Amino acid sequence: MQATKSFEQAFLKQMLLGIQLSAVSHTTGSLQERKSAIKLSADVAMAVARGSKKWTRGLIASLSKEEQNRSFLQFVLGKEFERPAKICHSSWKIPRSKNIVRRSLRFLSKRQSNIRAPNSSVLAGTLVEKRTQVLKRLVPGGESMDAFSLLDETLDYATCLQAQVDVMQKLMTTLEASKHSRRADSDAQCPKEKFHLLAMVGSWYSTRKGLRKRLSKRPKLTL
Amino acid sequence: MSSRRSRVSEEEINRLVSKLQSLLPETRQRGAGRASAAKLLKETCNYIRSLNRDVDDLSDRLSAIIATMDSSSAEAEMVRSLLRS
């Protein structure tokens, strides 16, 4: 999956919605609580924007294990969340990969190099096995994946993570820039500046470079 | 397991591996040559961990900015307009 504009837009929207949702209960919360709320919004938004993949289901499942996340997840996901069967779906289609995992484990414990599981020629070897285990723990839902799915889901997950970082970075840059300009011109209402910001954000997705260019071209405000 | 099936899977695995390599910042810079499976896995894990750290850090900074936003500010208006679009 290429991180598409539509994914980034869907992610941004979903995240902002989520932040607003949690803002209601977190205006007076501790710094840590507010940070966790933002992170939760970002992760749920990423999963929702991507749709149904093994890792997105795994991510929602692991997020729902924590008590403080449940009401947020319930609100955002609604009916989807109430049906646990959907969340555990990734564990349904595994008969084949279970055999593969079992074989790989036997390989590890017996150290018989001539046992080869299907699709495992890339992953033969103890170091590779070890690191595969690490990767399985890093990718949500990875523990129950066969080698091929793991590679596929990893690629997808990493792409989405990149986009998540990119969008959050852009949001922060834009918000910081807006604050900075307001400080320089604190008393006056500045509809022009507001409009400028909205226009800038609006064309976010036309070019990635557009944002950097516009920020550098912005006229310096004089008091 | 028929050999025909595993041959197709090998191609697909190779395709995935090269896509993954082009995604990773380090192997992308180095360009040529195939990294070993072990190296690829290590760099993939490192990359995912670093992206997670970035998200964590950005969540920190965003929560600081958003906390100081009031509903009449330019930022809040921007957020509202983003949601409307």
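Our subject is the structure listed above.
Since this is a predicted model, take the numbers as computed values, not measurements.

The rules behind the values
Residues numbered from 1 in each chain as written. Chains lettered and ligands numbered in written order. Predicted model: local features only at pLDDT ≥ 70, side-chain atom pairs only at ≥ 80, totals over all residues. Heavy atoms only, no water. Phe/Tyr/Trp six-rings, centres within 6.5 Å; stacked < 30°, edge-to-face > 60°. Helix = DSSP H or I, 4+ residues; strand = E, 2+ residues; numbered from the N terminus. Buried < 20%, exposed > 50% of the residue type's maximum accessible area, 1.4 Å probe, protein only. Axes fitted to C-alpha atoms, helices over the stretch in contact; angles between N-to-C directions. Parallel < 35°, antiparallel > 145°, perpendicular 65-115°, else oblique. Contact = heavy atoms within 4.5 Å. Nonpolar A, V, L, I, M, F, W, Y, C, P; charged D, E, K, R; others polar. Salt bridge = Lys/Arg side-chain N within 4 Å of Asp/Glu carboxyl O.

> So, the packing of aromatic side chains: which residues are in play, and what are the values?
Residues and elements named next belong to chain A. Per the stated rule, a full pass over the model turns up two aromatic pairs over all chains. Seen from their ring centres, Phe 7 and Phe 11 are 6.4 Å apart, and the 10° between their planes marks the pair as stacked. Placement of both Phe 7 and Phe 11 in helix H1 (residues 5-26) is noted, with a separation of four residues, approximately one turn of the helix. Across the pair, Phe 11 and Phe 7 agree in class, each one buried.

> Please set out the packing of helix H3 (residues 54-64) of chain A against helix H4 (residues 70-77) of chain A residue by residue, giving values where relevant.
Residue and element names in this part refer to chain A. Between H3 and H4, the least distance of the axes is 9 Å, while the angle of their chain directions is 140°. As judged from the angle between their axes, H3 and H4 are oblique. Where H3 abuts H4, its residues Ile 60, Leu 63 and Ser 64 lie against Arg 70, Leu 73 and Leu 77. For the contact of H3 with H4, the class distribution of residues is four nonpolar, one polar and one charged.

> Talk me through the pattern of salt bridges; I want residue IDs and the actual numbers.
What the rule picks out here adds up to eight salt bridges over all chains. In this structure, the salt-bridge partner of Asp 156 of chain A is Arg 50 of chain A, at a minimum N-O distance of 2.8 Å. Residue Asp 156 of chain A is found in helix H9 (residues 147-184), and its partner Arg 50 of chain A is found in helix H2 (residues 31-50); the two are separated by 106 residues along the sequence. By relative accessible area, which is 5% here, Asp 156 of chain A ends up buried. Three or more residues are tied together by salt bridges with common partners; here these are Lys 35 of chain A together with Asp 56 and Asp 60 of chain B.

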